Amino acid sequence: MMKAGGSAIASRGGSPVVVEGLLRTLLEGSEGRATLRVVSGSMRPCLQEGDLIEVDQVPVRALWPGDLVVFQSESAGIVVHRLIWRDNPLGQPMRIYTKGDALGYLDHAASAGRVLGRVRRVFRGEKSLKPVRALDRVRSLTRAARHGLRRLMKRRAVDSTTTRLADAQEGR
């Protein structure tokens, strides 16, 4: 559900383009904030189905590993997952890498232009919860380091194989 002032719009079942456009409009409004209802369990235990999340519009450069980001996925519509890494950390990011806490794999990289906002607060019943803890940031950085190391090792293995093949062809 998206809310601005007193009106609420259900986001399930609507056209993804309309829902994304409406969410962008709300976030770009005077408050720069929207409220959504969680409809998936991919972020358990941090977010549970039925929780309300308050989303703020923020520049992608302001996002840090561990933040809960709202973005438009090409395959799944509007998604709320944890930011693992963003490329070009000192400049303007081009891609973000995310993961649902309850999922065993990273999402496909998403264009930074698909980011809609960052979760500011979680409401579960009468409780207001912090969406990010220090441990979440550490875990995200650890995942990013492991992912980067795996990519580096694959690249080295490919380079090593290519070198061996070239050497074999040259008769070394």
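Residues numbered from 1 in each chain as written. Predicted model: local features only at pLDDT ≥ 70, side-chain atom pairs only at ≥ 80, totals over all residues. Heavy atoms only, no water.

### Some remarks on the pairing of strand β4 (residues 52-56)
Within β4, four of the five residues are buried, leaving the element largely enclosed by the surrounding structure. Of the strand pairs in this sheet, strand β3 (residues 33-37) and β4 are connected by five bridges, and their pairing is antiparallel. Opposite L36, over in β4, you have I53 as the bridge partner. Judged from the five bridges that link them, β4 and strand β9 (residues 115-124) form a sheet pairing that is antiparallel. In the sheet register, V55 faces β9, and the bridge partner there is V119. (Buried < 20%, exposed > 50% of the residue type's maximum accessible area, 1.4 Å probe, protein only. Helix = DSSP H or I, 4+ residues; strand = E, 2+ residues; numbered from the N terminus. Pairing = 2+ DSSP bridges.)

### Observations concerning the packing of aromatic side chains
Here the structure, examined in full by the defined rule, presents zero aromatic pairs. R86 extends its terminal NZ or CZ atom over the ring of W64, reaching a point 5.4 Å from the ring centre. (Phe/Tyr/Trp six-rings, centres within 6.5 Å; stacked < 30°, edge-to-face > 60°. Lys NZ or Arg CZ within 6 Å of the ring centre and 35° of its normal.)

### Focus: the nonpolar core
Nonpolar side chains in soluble globular proteins tend to end up buried together. One finds L23, L47, I53, L68, V70, V80 and V119 to be the most contacted residues of the largest nonpolar core, which totals 17 residues. The contacts of V80, once residues within four sequence positions are left out, are M43, L47, I53, L68, V69, V70 and V119. One finds V58, I96, A112 and V115 within the second-largest nonpolar core, a separate group that totals eleven residues. (Core = buried A, V, L, I, M, F, W, Y, C linked by side-chain atoms within 4.5 Å. Contact = heavy atoms within 4.5 Å.)

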